[in-house]
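Per-entry structural report
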Number of protein chains: 2
Amino acid sequence: MTEPLKTGATIGILGGGQLGRMLSVAASRLGFKTCIFEPGEDCPASHVANRHICAPYEDADALRSFADACDVITFEFENIPTSALDILEKLRPVHPDRKALRVSQDRLVEKAFLNDLGLTTAPYAAVDELEDITQAMEEIGLPAILKTRRFGYDGKGQVRITDPKDAQSALAELNGAPGIYEGFVDFSHEVSVIAARNAAGDVSAFDPGQNVHEDGILRTTTTPARLSASQRSDAVLLAAKILNKLDYVGVMGVELFVTAGGLIVNEIAPRVHNSGHWTQNGCTVDQFEQHIRAVAGWPLGDGKRHSNVVMENLIGDDMDRVPELARDGACALHLYGKADVKPGRKMGHVNRVTGPA
Amino acid sequence: MTEPLKTGATIGILGGGQLGRMLSVAASRLGFKTCIFEPGEDCPASHVANRHICAPYEDADALRSFADACDVITFEFENIPTSALDILEKLRPVHPDRKALRVSQDRLVEKAFLNDLGLTTAPYAAVDELEDITQAMEEIGLPAILKTRRFGYDGKGQVRITDPKDAQSALAELNGAPGIYEGFVDFSHEVSVIAARNAAGDVSAFDPGQNVHEDGILRTTTTPARLSASQRSDAVLLAAKILNKLDYVGVMGVELFVTAGGLIVNEIAPRVHNSGHWTQNGCTVDQFEQHIRAVAGWPLGDGKRHSNVVMENLIGDDMDRVPELARDGACALHLYGKADVKPGRKMGHVNRVTGPA
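These notes cover the structure that comes with them. Quantities reported herein were computed from a predicted structural model and do not represent experimental measurements.

**Overview of the overall build of chain A**
- Scanning chain A for helices and strands turns up 11 helices and 17 strands.
- In terms of overall size, chain A behaves like a compact globule, its C-alpha atoms giving a radius of gyration of 20 Å where 357 residues would be expected to give roughly 21 Å.
- Judged by the C-alpha coordinates and their principal axes, chain A covers about 60 × 50 × 40 Å.
- Residues counted as buried form 59% of the 357 residues belonging to chain A.
- As displayed, chain A offers around 13800 Å² of accessible surface, 48% of which is attributable to carbon and sulfur atoms.
- Charge-centre separation for chain A: the mean point of 36 positive side chains lies 5 Å from the mean point of 48 negative side chains.

**As for the pairing of strand 17 (residues 346-356) of chain B**
All names here are of chain B.
- Among the 11 residues that make up strand 17, eight are buried, leaving the element largely enclosed by the rest of the structure.
- Relative to strand 17, strand 15 (residues 307-315) is paired through nine bridges, and the arrangement is antiparallel. Paired with Asn-313 across the strands is His-349, a residue of strand 17.
- Pairing geometry for strand 16 (residues 331-335) and strand 17, over five bridges, is antiparallel. Paired with Leu-335 across the strands is Gly-348, a residue of strand 17.

**A closer look at the relation of the copies chain B and chain A**
- The operation relating chain B to chain A is a screw motion whose rotation component is 180°, with 0.0 Å of axial translation and a residual RMSD of 0.0 Å. The relationship between the two copies is best expressed as a two-fold rotation axis. Proximity to the rotation axis, assessed at the C-alpha, singles out Val-48 of chain B in chain B; its C-alpha lies 2.0 Å from the axis.
- An overlap of 100% is found between the interface residues of chain B and their copies at the interface of chain A, pointing to a shared contact surface.

**A closer look at the packing of aromatic side chains**
- Enumeration according to the criterion identifies 12 aromatic pairs over all chains in this entry.
- Relative to Phe-77 of chain B, the ring of Tyr-57 of chain B has its centre 5.4 Å away and its plane inclined at 45°; by these criteria the two rings are tilted. One end of the pair, Tyr-57 of chain B, is in the loop between strand 3 (51-53) and helix 2 (60-69); the other, Phe-77 of chain B, is in the loop between strand 4 (72-75) and helix 3 (82-91), and 20 residues separate them in sequence.
- Judged by its relative accessible area of 12%, Tyr-57 of chain B is buried.
- Joined through ring pairs, the aromatic side chains of Phe-37, Tyr-57, Phe-66 and Phe-77 of chain A make up one cluster.

**Points about the interface of chain B and chain A**
- Every contact between the two is made by 37 residues of chain B and, on the other side, 37 residues of chain A.
- For the pair chain B and chain A, the summed buried surface comes to about 2800 Å²; carbon and sulfur atoms form 56% of the total.
- Three residues, Arg-29, His-47 and Thr-284 of chain B, lead the burial of chain B against chain A; their summed loss comes to 17% of the area buried on that side.
- At the junction of chain B and chain A, the tally comes to two salt bridges.
- Listing elements by their share of the side of chain B that touches chain A, those giving two or more residues are helix 1 (18-29), helix 11 (322-327) and strand 16 of chain B.
- Element by element, the count of residues in the side of chain B that touches chain A is highest for strand 16 of chain B, at five residues.

Cut-offs applied
Residues numbered from 1 in each chain as written. Chains lettered and ligands numbered in written order. Predicted model: local features only at pLDDT ≥ 70, side-chain atom pairs only at ≥ 80, totals over all residues. Heavy atoms only, no water. Helix = DSSP H or I, 4+ residues; strand = E, 2+ residues; numbered from the N terminus. Rg over C-alpha atoms; globule rule 2.2 N^0.38 Å. Buried < 20%, exposed > 50% of the residue type's maximum accessible area, 1.4 Å probe, protein only. Areas by Shrake-Rupley, 256 points an atom, 1.4 Å probe, with all protein chains shown as cover. Lys, Arg positive; Asp, Glu negative; His and termini not counted. Charge placed at Lys NZ, Arg CZ, Asp CG, Glu CD. Pairing = 2+ DSSP bridges. Least-squares fit on C-alpha atoms with pLDDT ≥ 70 in both. Contact = heavy atoms within 4.5 Å. Phe/Tyr/Trp six-rings, centres within 6.5 Å; stacked < 30°, edge-to-face > 60°. Buried area = accessible area lost by both parts, 1.4 Å probe. Salt bridge = Lys/Arg side-chain N within 4 Å of Asp/Glu carboxyl O.

See below:
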């Protein structure tokens, strides 16, 4: 068991987007400094960090200076190159660790891990060539989704298959990357559990939120989620099971499909998660601080929900609505300071407080 | 009427202490960058700002570069040298403006201003020499407090007079600075109103909080304050009157004594205020964001209180309590990242959420 990190220590964050930005703010509340490692200049996290090391993830020297500057290292995205981890984890503690990354970086490994834990996932099959797809169509059925095993996010690297004729064109979309064929899940809605675990093994989960996606991107998360008491309890216990099995340290997002037959795990993300942004205005300790507490070896906050919140992402031109949202007393704005508005780009989010919990 | 500041713009903050730090975080939520002007290195605000210009307030060139880097300028402390203002206000809008600073930088001017508005203050008299004190003793009575007219904070530059014999030693404590003799006010408790006004003239006040001081330093602020409905309404209206009279833009802290005869204004501070820190965990929009909204020409948030909060300052060795406070689920910690713990130094604060409002 390591000592809790002392206030004044520096937390290193790989990735300088909005998640790194909000992690950095949370770190400041606990008196920590932050150092961001991110190849992009003027990135959102750099605006609120002590230091920004602007270098590619392949730059070994820069990674070593980064480790030198930090007491502990975490990240805002799961697709950290293994070569970077190889360097960093020799020099400083990295939380969450390689085990969690290995599982979550590959959809196939992730599903096998979850099934081994006794958790239900969509039926799936590995896809390397056309024959794998035709076989999966027979065994799993249609419709289905063909995804790349690695590096997918916000609906990227995914193609829907509804007809056997689609097999060839779907495979072509993968550009030769290893794929996974996922069978159709007949779910009524999607929820996610944001759970945290610290080095002492304490686990704390926020209330599940209910997610709505559009074009593969999260649109809204609403709390409380539509769930029975037993579903709610199942969701939280299931998340805790995952974190414990991985000896996980940090916050994890667990996306679940709600079906007549029970909860099905869609995917896990070993980091703070867009569907947990509501906690900033719904809880005394939000997901960002919970993550910082965990990686710093601190006790977790209790994360109780004091308010009901609807989180809505502000994507691309949604930024035009900011003046109107700023006039709405129920709305808490969280903008990411990104210079260029682009279609599909997450520019900020708004937490609409709809009442006491 | 100026245009609202666009997200991505830079807000300049004079002063890099904890107030500047929390203003900087609030600015980031609205997508603004911040530039801190502060002579001290490694200051709390610099940890969460885009840029820190480390130079004395007398450095005209540095002040000009600061103005160049900013779209609008504000401050975290009222004792800005006039020479700095002379330079800055020619180059960029400064909010709150000189009018508010002139009134609040001098206790004598402040009291006269408040009385002119029809508001009650402690009885007072200007003190330049011993004879002024003896005359004030006769007219105003004892006990009393002798204060410097300018540059006082956290009980510094104040001496209590209980006996006519104290006059000489009290005057000596002022070190030749102009003073003010303030008569004793028989109050039951102190409350403060944190109020905001934007350029459009909208005013919004947070619920009053009840303050307890120790050794001249704020110890706790508790919401809700012990006030009747009419006192609560009086407190808010009185604050609004002050802001409107000054055409004020920003957040102001108004400290009030509650007496059997009504509310008496103790002092005003033209900035975010220690007694408003509870809003971080009691309201959707806190005092820091309210201030940023005002100086950016944005609409104000409504600042409704969703939770009851007891704010406690963590002073000096109180930092030893952090591990214990971190384990308490009702507590939200806000630490300032100050490297050295010193007696009497504000190191952080904790907001204890005591229940829904």
